[in-house]
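Close look at the chain arrangement
Read off the chains here:
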Amino acid sequence: MNNQSLSLESQFEVKRLKLYLEQNPEKAQELAITYFEDYLELVQEYKKLEAQKKSPSLPPIPPPSLGRLQAEYDDLRKQHIKALTYNQYLRHQVKQLTELACALSDDDAPLPSFLKEVLD
């Protein structure tokens, strides 16, 4: 392995390890196993990160609850019925106003039905 590809700090750490192992040869096997385990953990984490980078996953979108949708539907249905009722009321008012306008513009026209009800 080429140590020149390592940063200066990493090269220094390698030198320190070599000196330590020269001074403590009995700990070489224990350190080698520990470092190798750490290395394997890093490789495993690196692979996970690479896989995530290749296929970014968005958090799942929770499905809307049926109860909430049913409540919204019921509310919209009530509003629709109110709108239909109000529309019916307005149509009736327009009919009465049209009859009144016709009666006022024509002397021979009969009285509008709503005025007949009031005058009777």
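Residues numbered from 1 in each chain as written. Predicted model: local features only at pLDDT ≥ 70, side-chain atom pairs only at ≥ 80, totals over all residues. Heavy atoms only, no water.

With that settled, the discussion passes to the overall build of the chain. The number of helices and strands found in the chain is four helices and zero strands. Secondary structure elements of the chain occur, N-terminal to C-terminal, as α-α-α-α. Expressed as a percentage of the 120 residues in the chain, the buried residues total 5%. (Helix = DSSP H or I, 4+ residues; strand = E, 2+ residues; numbered from the N terminus. Buried < 20%, exposed > 50% of the residue type's maximum accessible area, 1.4 Å probe, protein only.)

Any two aromatic rings considered together are summarised by their centre-to-centre distance and by the angle between their planes. On inspection of all chains with the given rule, the structure shows two aromatic pairs. Arranged with centres 6.2 Å apart and planes meeting at 25°, the rings of F36 and Y39 form a pair that is stacked. Of this pair, F36 and Y39 both sit in helix α2 (residues 28-54), three residues apart, which is roughly one turn of the helix. (Phe/Tyr/Trp six-rings, centres within 6.5 Å; stacked < 30°, edge-to-face > 60°.)

A word on the packing of helix α1 (residues 8-23) against α2. Between two packed helices, what matters for the description is the angle formed by their axes and the separation of those axes. Remark: α1 packs on α2, axes separated minimally by 10 Å, with the N-to-C direction vectors making an angle of 145°. Where α1 abuts α2, its residues L17, Y20 and L21 lie against A28, L31 and Y35. Residues of the contact of α1 with α2, tallied by class, amount to six nonpolar, no polar and no charged. (Axes fitted to C-alpha atoms, helices over the stretch in contact; angles between N-to-C directions. Contact = heavy atoms within 4.5 Å. Nonpolar A, V, L, I, M, F, W, Y, C, P; charged D, E, K, R; others polar.)

This part covers the pattern of salt bridges. What the rule picks out here adds up to two salt bridges. In this structure, R16 engages E13 in a salt bridge whose closest nitrogen and oxygen atoms are separated by 3.6 Å. You can see R16 and its partner E13 sitting in helix α1, three residues apart, about one turn around the helix. Given the relative accessible area of 48%, R16 is considered partly exposed. Given a relative accessible area of 40%, E13 falls into the partly exposed group. Here K48 makes a salt bridge to E45, at a shortest N to O gap of 3.7 Å. Of the two residues, K48 and E45 are both situated in helix α2; the distance of three residues between them amounts to about one turn of the helix. (Salt bridge = Lys/Arg side-chain N within 4 Å of Asp/Glu carboxyl O.)

Attention now goes to the confidence of the model for the chain. Here the chain averages 81 in pLDDT, while 78% of its residues score no lower than 70. At the low end of the mean pLDDT range in the chain sits helix α4 (residues 113-119), at 64; at the high end sits α1, at 89. (pLDDT = per-residue confidence, 0-100.)

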